[in-house]
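# Understanding the architecture of this molecule
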Amino acid sequence: MILIFSSCHLHLTSQYANVPKSELDEAQIRELEEYEISQGPLSVLQQSVRNQSQVLISLRNNKKLLARVKAFDRHANMVLENVKEVSSRCS
């Protein structure tokens, strides 16, 4: 999947990135967040939701989960399905 944005869209987004969110209206905040999700680290989760592909999630306790992401938010809270714990032991 290739995402293409017009130069106008990129200009507006970079302009919003330097403005405190308290100074943006709701539409500008929504546009900025959509851009961040589609282009930033959360884009991996977005692709997983769209393609129904599995992701490997590393937890803080060194456990790993293999799952499909049904939904997520900007804080990386996720709704998962078909979750399997993956052993990370070395033999």
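Shown above is the structure to which this text applies.
Residues numbered from 1 in each chain as written. Predicted model: local features only at pLDDT ≥ 70, side-chain atom pairs only at ≥ 80, totals over all residues. Heavy atoms only, no water.

A few words now on the sheet that holds strand β2 (residues 64-72). Pairing in this open sheet of three strands is antiparallel, and the strands run β1-β2-β3 from one edge to the other. Two strands in the sheet have a free side with no partner beyond their single neighbour: β1 (54-58) and β3 (78-86). The average undirected angle you get between the axes of adjacent strands in this sheet is 40°. Pairing between β1 and β2: five bridges, direction antiparallel. Its bridge partner lying in β2, Ser-58 is registered against Lys-64. Running at roughly 80° to β2, helix α3 (residues 43-51) makes contact with β1, β2 and β3 of the sheet. (Pairing = 2+ DSSP bridges. Helix = DSSP H or I, 4+ residues; strand = E, 2+ residues; numbered from the N terminus. Axes fitted to C-alpha atoms, helices over the stretch in contact; angles between N-to-C directions. Contact = heavy atoms within 4.5 Å.)

What follows deals with unusual backbone geometry. Of note, Asn-62 is a non-glycine position whose phi angle comes to about 70°, a positive value. Among the structural elements, Asn-62 can be located in the loop between β1 and β2. Assessed through its relative accessible area of 61%, Asn-62 is described here as exposed. Within the chain, Ala-76 stands out as a residue other than glycine whose phi angle is a positive 70°. Within the secondary structure layout, Ala-76 lies in the loop between β2 and β3. (Buried < 20%, exposed > 50% of the residue type's maximum accessible area, 1.4 Å probe, protein only.)

Note that all results are geometric; they support no functional claim without further evidence.
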